[in-house]
Amino acid sequence: DYRYKKDELFKRLKVTTLAQLVIQVASLSDETLGGPNEELHKLADADSAAPDTDADVTAGTNGQGSPDGTPSPVLFFNNTGAGDSTRSTLQSVISGVGELDIEKDTPKPVDTQPQPKDLPYPDCPFLLLDVRDRDAYDQCHIVGAYSYPIATLSRTMNPYTNNILEYKNAHGKIIILYDNDERLASQAATTMCERGFENLFMLSGGLKVLAQKIPEGLITGSLPMSCQVAAPPGSARKRTSLKVPPARAENKWRFSADDLQKIKYYLEEENMSSDTASRLSRGSSSRDPKVTTLRSSSSVPSTAPNVGSLTSRSLSRSSLQHRPWK
(Lines give C-alpha, C1' and ligand atoms only; values in the text may rest on other atoms or scores of the structure.)
Protein backbone atom coordinates (compact mmCIF):
# COMPACT_ATOMS: atom_id res chain seq x y z
CA ASP A 1 0.00 0.00 0.00
CA TYR A 2 1.94 3.00 -1.31
CA ARG A 3 -0.35 5.74 -0.09
CA TYR A 4 0.01 8.72 2.21
CA LYS A 5 0.12 7.85 5.89
CA LYS A 6 -0.89 10.16 8.72
CA ASP A 7 2.50 10.26 10.43
CA GLU A 8 4.52 11.06 7.29
CA LEU A 9 6.51 14.30 7.38
CA PHE A 10 7.41 14.25 3.70
CA LYS A 11 5.30 14.63 0.59
CA ARG A 12 4.76 11.98 -2.07
CA LEU A 13 5.26 12.19 -5.81
CA LYS A 14 3.57 9.83 -8.26
CA VAL A 15 5.56 8.07 -10.96
CA THR A 16 3.32 9.56 -13.64
CA THR A 17 3.94 13.06 -12.27
CA LEU A 18 7.70 12.47 -12.44
CA ALA A 19 7.33 11.30 -16.03
CA GLN A 20 5.45 14.48 -16.93
CA LEU A 21 8.16 16.59 -15.29
CA VAL A 22 10.83 14.76 -17.27
CA ILE A 23 9.04 15.40 -20.56
CA GLN A 24 8.61 19.10 -19.79
CA VAL A 25 12.24 19.60 -18.74
CA ALA A 26 13.56 17.70 -21.76
CA SER A 27 11.37 19.67 -24.19
CA LEU A 28 12.44 23.01 -22.70
CA SER A 29 16.09 21.98 -22.81
CA ASP A 30 15.82 21.00 -26.49
CA GLU A 31 14.28 24.38 -27.29
CA THR A 32 17.09 26.30 -25.59
CA LEU A 33 19.87 24.30 -27.22
CA GLY A 34 19.60 26.46 -30.34
CA GLY A 35 20.94 29.57 -28.59
CA PRO A 36 24.46 28.38 -27.76
CA ASN A 37 24.84 26.73 -31.16
CA GLU A 38 24.13 29.99 -32.94
CA GLU A 39 26.75 31.74 -30.85
CA LEU A 40 29.26 29.02 -31.67
CA HIS A 41 28.57 29.50 -35.38
CA LYS A 42 29.19 33.23 -35.02
CA LEU A 43 32.51 32.57 -33.32
CA ALA A 44 33.50 30.13 -36.06
CA ASP A 45 32.68 32.72 -38.72
CA ALA A 46 34.81 35.28 -36.89
CA ASP A 47 37.72 32.86 -36.75
CA SER A 48 37.44 32.12 -40.46
CA ALA A 49 37.57 35.84 -41.21
CA ALA A 50 40.77 36.32 -39.19
CA PRO A 51 43.25 35.38 -42.00
CA ASP A 52 41.86 38.22 -44.13
CA THR A 53 42.88 40.72 -41.50
CA ASP A 54 46.38 39.29 -41.49
CA ALA A 55 46.77 39.95 -45.21
CA ASP A 56 47.50 43.63 -44.57
CA VAL A 57 50.14 42.75 -42.02
CA THR A 58 52.00 40.37 -44.36
CA ALA A 59 51.91 42.85 -47.25
CA GLY A 60 55.43 43.92 -48.21
CA THR A 61 57.01 40.85 -46.64
CA ASN A 62 57.99 37.46 -47.93
CA GLY A 63 54.77 35.96 -46.59
CA GLN A 64 56.56 34.69 -43.52
CA GLY A 65 56.44 37.73 -41.28
CA SER A 66 59.81 39.14 -42.42
CA PRO A 67 60.75 41.88 -44.90
CA ASP A 68 61.35 40.88 -48.50
CA GLY A 69 64.66 39.16 -49.04
CA THR A 70 65.19 38.35 -45.34
CA PRO A 71 64.48 34.77 -44.38
CA SER A 72 62.44 34.34 -41.24
CA PRO A 73 64.13 32.58 -38.30
CA VAL A 74 60.88 30.73 -37.71
CA LEU A 75 61.68 28.50 -40.69
CA PHE A 76 64.26 26.78 -38.51
CA PHE A 77 61.44 25.40 -36.40
CA ASN A 78 59.11 24.42 -39.23
CA ASN A 79 60.65 23.88 -42.63
CA THR A 80 59.42 20.39 -43.37
CA GLY A 81 56.55 21.40 -45.62
CA ALA A 82 53.84 23.86 -46.38
CA GLY A 83 51.14 22.03 -44.47
CA ASP A 84 51.58 24.04 -41.27
CA SER A 85 51.21 27.82 -41.32
CA THR A 86 54.13 29.98 -40.20
CA ARG A 87 51.74 32.13 -38.19
CA SER A 88 50.69 29.22 -36.01
CA THR A 89 54.34 28.18 -35.66
CA LEU A 90 55.29 31.66 -34.49
CA GLN A 91 52.51 31.59 -31.91
CA SER A 92 53.77 28.21 -30.71
CA VAL A 93 57.29 29.57 -30.30
CA ILE A 94 56.04 32.58 -28.39
CA SER A 95 53.98 30.35 -26.09
CA GLY A 96 57.07 28.23 -25.38
CA VAL A 97 56.20 25.10 -27.39
CA GLY A 98 59.33 23.17 -28.45
CA GLU A 99 60.37 22.07 -31.90
CA LEU A 100 59.19 18.48 -31.47
CA ASP A 101 55.67 19.60 -30.54
CA ILE A 102 55.03 21.32 -33.86
CA GLU A 103 55.92 18.54 -36.26
CA LYS A 104 53.69 18.16 -39.25
CA ASP A 105 52.63 14.62 -38.42
CA THR A 106 51.81 15.36 -34.78
CA PRO A 107 48.12 14.53 -34.17
CA LYS A 108 45.98 17.42 -33.10
CA PRO A 109 44.62 17.29 -29.55
CA VAL A 110 41.11 15.94 -29.27
CA ASP A 111 38.50 18.19 -27.72
CA THR A 112 37.59 16.37 -24.51
CA GLN A 113 35.07 18.93 -23.38
CA PRO A 114 31.81 17.12 -22.51
CA GLN A 115 28.89 17.62 -24.84
CA PRO A 116 25.58 19.03 -23.53
CA LYS A 117 23.97 15.59 -23.77
CA ASP A 118 26.55 14.21 -21.31
CA LEU A 119 25.73 16.84 -18.69
CA PRO A 120 22.64 17.22 -16.45
CA TYR A 121 19.85 19.48 -17.60
CA PRO A 122 20.71 23.11 -16.79
CA ASP A 123 18.59 24.67 -14.06
CA CYS A 124 16.57 21.46 -13.60
CA PRO A 125 13.62 22.02 -11.23
CA PHE A 126 14.10 18.67 -9.47
CA LEU A 127 17.02 16.76 -7.95
CA LEU A 128 16.76 12.97 -8.03
CA LEU A 129 18.56 11.08 -5.25
CA ASP A 130 18.95 7.29 -5.23
CA VAL A 131 19.27 6.27 -1.56
CA ARG A 132 20.19 2.64 -2.26
CA ASP A 133 23.79 1.43 -2.05
CA ARG A 134 26.26 2.15 -4.82
CA ASP A 135 26.13 -1.36 -6.30
CA ALA A 136 22.37 -1.16 -6.77
CA TYR A 137 22.75 2.29 -8.34
CA ASP A 138 25.37 1.03 -10.79
CA GLN A 139 23.05 -1.81 -11.79
CA CYS A 140 19.95 0.32 -12.40
CA HIS A 141 18.78 3.84 -11.68
CA ILE A 142 16.59 6.59 -13.07
CA VAL A 143 18.29 8.68 -15.74
CA GLY A 144 19.73 11.84 -14.20
CA ALA A 145 19.67 10.55 -10.61
CA TYR A 146 22.59 10.93 -8.23
CA SER A 147 23.80 8.16 -5.95
CA TYR A 148 23.20 9.15 -2.32
CA PRO A 149 23.24 6.05 -0.06
CA ILE A 150 21.19 6.39 3.10
CA ALA A 151 24.31 5.72 5.19
CA THR A 152 25.61 9.14 4.11
CA LEU A 153 23.04 10.77 6.38
CA SER A 154 24.82 9.25 9.39
CA ARG A 155 27.97 11.26 8.78
CA THR A 156 28.82 13.86 11.38
CA MET A 157 30.79 15.98 8.90
CA ASN A 158 29.42 17.08 5.52
CA PRO A 159 26.48 14.68 5.17
CA TYR A 160 25.13 16.62 2.18
CA THR A 161 26.59 17.21 -1.26
CA ASN A 162 26.79 20.59 -2.93
CA ASN A 163 23.80 19.74 -5.13
CA ILE A 164 21.65 18.94 -2.11
CA LEU A 165 22.62 22.17 -0.39
CA GLU A 166 21.87 24.08 -3.59
CA TYR A 167 18.38 22.58 -3.87
CA LYS A 168 17.50 22.67 -0.17
CA ASN A 169 14.39 24.84 0.24
CA ALA A 170 15.26 26.66 -2.99
CA HIS A 171 12.41 28.52 -4.68
CA GLY A 172 10.88 26.56 -7.56
CA LYS A 173 12.99 23.42 -6.93
CA ILE A 174 12.30 20.10 -5.23
CA ILE A 175 14.32 17.10 -4.06
CA ILE A 176 13.01 13.60 -4.87
CA LEU A 177 14.19 10.46 -3.06
CA TYR A 178 13.54 6.93 -4.26
CA ASP A 179 14.56 3.32 -3.73
CA ASN A 180 13.10 -0.06 -4.63
CA ASP A 181 10.02 -0.18 -2.39
CA GLU A 182 10.03 2.83 0.00
CA ARG A 183 11.80 1.01 2.83
CA LEU A 184 14.95 3.13 2.66
CA ALA A 185 13.50 6.21 1.01
CA SER A 186 10.88 6.73 3.72
CA GLN A 187 13.55 6.63 6.44
CA ALA A 188 15.84 9.02 4.55
CA ALA A 189 12.98 11.39 3.76
CA THR A 190 11.85 11.45 7.38
CA THR A 191 15.38 12.19 8.61
CA MET A 192 15.92 14.99 6.10
CA CYS A 193 12.54 16.56 6.88
CA GLU A 194 13.39 16.54 10.57
CA ARG A 195 16.60 18.39 9.66
CA GLY A 196 14.78 21.23 7.96
CA PHE A 197 14.14 20.10 4.38
CA GLU A 198 10.75 21.48 3.37
CA ASN A 199 10.80 20.79 -0.39
CA LEU A 200 11.41 17.06 -0.07
CA PHE A 201 9.37 14.45 -1.92
CA MET A 202 9.48 10.66 -2.03
CA LEU A 203 8.72 8.74 -5.21
CA SER A 204 5.62 6.80 -4.26
CA GLY A 205 6.20 3.08 -4.67
CA GLY A 206 9.80 3.46 -5.83
CA LEU A 207 11.16 1.43 -8.69
CA LYS A 208 8.60 -1.30 -8.03
CA VAL A 209 5.66 0.92 -9.03
CA LEU A 210 7.76 2.53 -11.75
CA ALA A 211 8.22 -0.91 -13.32
CA GLN A 212 4.43 -1.32 -13.39
CA LYS A 213 3.55 2.13 -14.68
CA ILE A 214 6.44 3.05 -16.98
CA PRO A 215 8.77 0.05 -17.39
CA GLU A 216 10.84 1.65 -20.18
CA GLY A 217 12.30 5.06 -20.84
CA LEU A 218 12.85 6.39 -17.33
CA ILE A 219 15.62 4.03 -16.21
CA THR A 220 19.00 2.88 -17.43
CA GLY A 221 20.22 -0.64 -16.71
CA SER A 222 18.21 -3.68 -15.61
CA LEU A 223 15.59 -3.54 -12.88
CA PRO A 224 16.24 -5.74 -9.83
CA MET A 225 14.26 -8.95 -9.63
CA SER A 226 12.25 -7.67 -6.67
CA CYS A 227 10.88 -4.85 -8.84
CA GLN A 228 10.09 -6.86 -11.95
CA VAL A 229 6.40 -7.70 -12.22
CA ALA A 230 4.97 -10.09 -14.79
CA ALA A 231 2.32 -8.54 -17.01
CA PRO A 232 -1.24 -9.84 -16.43
CA PRO A 233 -2.67 -12.19 -19.08
CA GLY A 234 -4.29 -10.39 -21.97
CA SER A 235 -2.51 -7.12 -21.26
CA ALA A 236 -1.72 -4.91 -24.23
CA ARG A 237 1.43 -3.62 -22.55
CA LYS A 238 4.73 -4.83 -23.89
CA ARG A 239 6.15 -7.61 -21.77
CA THR A 240 9.77 -7.31 -20.74
CA SER A 241 11.69 -10.54 -21.04
CA LEU A 242 13.10 -11.73 -17.71
CA LYS A 243 15.58 -14.13 -19.33
CA VAL A 244 17.74 -11.35 -20.76
CA PRO A 245 21.04 -11.06 -18.84
CA PRO A 246 21.08 -7.94 -16.66
CA ALA A 247 22.82 -4.92 -18.19
CA ARG A 248 24.77 -2.36 -16.21
CA ALA A 249 23.46 1.17 -16.01
CA GLU A 250 25.00 3.78 -18.27
CA ASN A 251 26.50 7.06 -17.14
CA LYS A 252 23.55 8.86 -18.63
CA TRP A 253 22.24 12.26 -17.57
CA ARG A 254 19.71 13.12 -20.29
CA PHE A 255 16.85 11.30 -21.97
CA SER A 256 17.11 10.41 -25.62
CA ALA A 257 14.33 10.91 -28.15
CA ASP A 258 13.57 7.18 -27.97
CA ASP A 259 13.30 7.35 -24.17
CA LEU A 260 10.87 10.26 -24.32
CA GLN A 261 8.75 8.48 -26.92
CA LYS A 262 8.44 5.42 -24.65
CA ILE A 263 7.55 7.58 -21.66
CA LYS A 264 4.82 9.34 -23.61
CA TYR A 265 3.45 5.98 -24.81
CA TYR A 266 3.11 4.60 -21.29
CA LEU A 267 1.65 7.87 -20.01
CA GLU A 268 -1.05 7.74 -22.67
CA GLU A 269 -1.77 4.14 -21.74
CA GLU A 270 -2.10 5.06 -18.07
CA ASN A 271 -4.45 7.94 -18.94
CA MET A 272 -6.62 5.65 -21.06
CA SER A 273 -6.91 3.06 -18.30
CA SER A 274 -7.75 5.72 -15.69
CA ASP A 275 -10.39 7.23 -17.99
CA THR A 276 -11.98 3.83 -18.51
CA ALA A 277 -12.08 3.17 -14.77
CA SER A 278 -13.63 6.55 -14.06
CA ARG A 279 -16.32 5.97 -16.69
CA LEU A 280 -17.21 2.61 -15.18
CA SER A 281 -17.40 4.10 -11.70
CA ARG A 282 -19.63 6.94 -12.91
CA GLY A 283 -21.88 4.48 -14.72
CA SER A 284 -22.31 2.30 -11.66
CA SER A 285 -22.98 5.26 -9.37
CA SER A 286 -25.55 6.77 -11.74
CA ARG A 287 -27.91 3.80 -11.45
CA ASP A 288 -31.03 4.30 -9.36
CA PRO A 289 -30.63 2.46 -6.04
CA LYS A 290 -34.43 2.02 -5.71
CA VAL A 291 -34.65 0.20 -9.04
CA THR A 292 -31.82 -2.12 -8.13
CA THR A 293 -33.46 -2.79 -4.75
CA LEU A 294 -36.81 -3.68 -6.38
CA ARG A 295 -35.05 -5.94 -8.87
CA SER A 296 -33.16 -7.72 -6.18
CA SER A 297 -36.26 -8.15 -3.97
CA SER A 298 -38.38 -9.50 -6.83
CA SER A 299 -35.73 -11.97 -7.87
CA VAL A 300 -35.29 -13.49 -4.38
CA PRO A 301 -37.39 -16.70 -3.97
CA SER A 302 -39.52 -17.20 -0.90
CA THR A 303 -38.47 -20.74 0.08
CA ALA A 304 -35.24 -21.56 1.88
CA PRO A 305 -34.17 -24.46 -0.42
CA ASN A 306 -34.41 -22.16 -3.41
CA VAL A 307 -32.21 -19.64 -1.59
CA GLY A 308 -29.60 -22.32 -1.04
CA SER A 309 -29.70 -23.39 -4.67
CA LEU A 310 -29.45 -19.76 -5.77
CA THR A 311 -26.41 -19.24 -3.57
CA SER A 312 -24.72 -22.33 -4.98
CA ARG A 313 -25.48 -21.19 -8.52
CA SER A 314 -24.03 -17.72 -7.90
CA LEU A 315 -20.91 -19.22 -6.34
CA SER A 316 -20.41 -21.56 -9.29
CA ARG A 317 -20.93 -18.71 -11.75
CA SER A 318 -18.46 -16.44 -9.93
CA SER A 319 -15.88 -19.22 -9.82
CA LEU A 320 -16.27 -19.74 -13.55
CA GLN A 321 -15.86 -16.05 -14.17
CA HIS A 322 -12.62 -15.94 -12.19
CA ARG A 323 -11.36 -19.05 -13.95
CA PRO A 324 -12.29 -18.74 -17.60
CA TRP A 325 -10.19 -21.76 -18.56
CA LYS A 326 -12.77 -23.94 -16.74
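None of the values given here were measured: they were computed from a predicted structure.

Draft legend 1. Broad picture of the confidence of the model for the protein chain. A residue-level look at the protein chain finds 53% of positions with pLDDT of 70 or above and a mean pLDDT of 73. When the criterion is pLDDT under 50, residues 35-40 qualifies, and its contacts beyond four places in sequence or with other chains add up to 0 contacts. Here residues 291-295 scores under 50 on pLDDT; set against residues more than four positions off or in separate chains, the count is 0 contacts.

Draft legend 2. Expanded view of the packing of aromatic side chains. A full pass over the atoms with the stated rule returns 3 aromatic pairs. Their ring planes at 45 degrees and their centres at 4.8 Å tell us that Tyr146 and Trp253 sit as a pair that is tilted. Remark: Trp253 occurs in the loop between β7 (219-221) and α9 (257-285) and Tyr146 occurs in strand β4 (residues 146-147); sequence separation between them is 107 residues. Accessibility expressed as a relative area gives 18% for Trp253, which makes it buried. Plain terms: the ring middles of Tyr265 and Tyr266 are 5.1 Å apart, the flat faces sit at 70 degrees to each other, and that makes the pair edge-to-face. On the basis of relative accessibility, which here comes to 1%, the residue Tyr266 falls in the buried class. The ring of Tyr167 has Lys173 sitting right over it, with the charged end atom 4.8 Å from the ring centre.

Draft legend 3. Main features of helix α7 (residues 183-194). Given a rise of 1.5 Å per residue, 12 residues ought to cover 16 Å, and the 17 Å separating the end C-alpha atoms of α7 matches this to within 8%. Within α7, the full set of buried residues consists of Ala185, Ala188, Ala189, Met192 and Cys193. Looking straight down α7, one finds its buried side chains confined to an arc of 130 degrees; they lie on one side. Turned more than 90 degrees away from the buried face of α7 sit Arg183 and Glu194, all of them exposed. Where α7 is buried, its residues contact α6 (162-167), β5 (174-178) and β6 (200-203). Downstream of α7 by one or two residues, Gly196 has phi in the positive range, about 105 degrees.

Draft legend 4. Main features of the nonpolar core. The biggest cluster of nonpolar side chains holds 53 residues, and the ones touching the most others in it are Ile142, Ile164, Ile175, Leu177, Leu218 and Ile263. Sort the elements by how many residues they give to this core and helix α1 (residues 15-32) lands first, with 7 residues.

Draft legend 5. Broad picture of the side chain of Glu8. Its location among the elements puts Glu8 in the segment before β1 (11-13). Residue Glu8 is classed as buried on the basis of its relative accessible area, which comes to 11%. A polar contact of 2.7 Å, which involves the side chain of Glu8, links it to the side chain of Arg12.

Draft legend 6. Spotlight on the pairing of β6. Side chains Leu200 and Met202 project from β6 onto one buried face, and the interleaved Phe201 and Leu203 project onto a second face that is buried too. Bridge count between β5 and β6: 3 bridges; the pairing is parallel. By the bridge assignment, Leu177 is partnered in β6 with Met202. Remark: the β5/α7/β6 crossover connection has right-handed handedness.

About the cut-offs
- Residues numbered from 1 in each chain as written.
- Predicted model: local features only at pLDDT ≥ 70, side-chain atom pairs only at ≥ 80, totals over all residues.
- Heavy atoms only, no water.
- pLDDT = per-residue confidence, 0-100.
- Contact = heavy atoms within 4.5 Å.
- Phe/Tyr/Trp six-rings, centres within 6.5 Å; stacked < 30°, edge-to-face > 60°.
- Helix = DSSP H or I, 4+ residues; strand = E, 2+ residues; numbered from the N terminus.
- Buried < 20%, exposed > 50% of the residue type's maximum accessible area, 1.4 Å probe, protein only.
- Lys NZ or Arg CZ within 6 Å of the ring centre and 35° of its normal.
- Expected span 1.5 Å × (residues − 1).
- Arc of directions from axis to C-beta.
- Core = buried A, V, L, I, M, F, W, Y, C linked by side-chain atoms within 4.5 Å.
- Polar contact = N/O pair within 3.5 Å; in protein donor to acceptor, adjacent residues only side chain to side chain.
- Pairing = 2+ DSSP bridges.
- Right-handed = clockwise from strand over helix to strand, strands pointing away.

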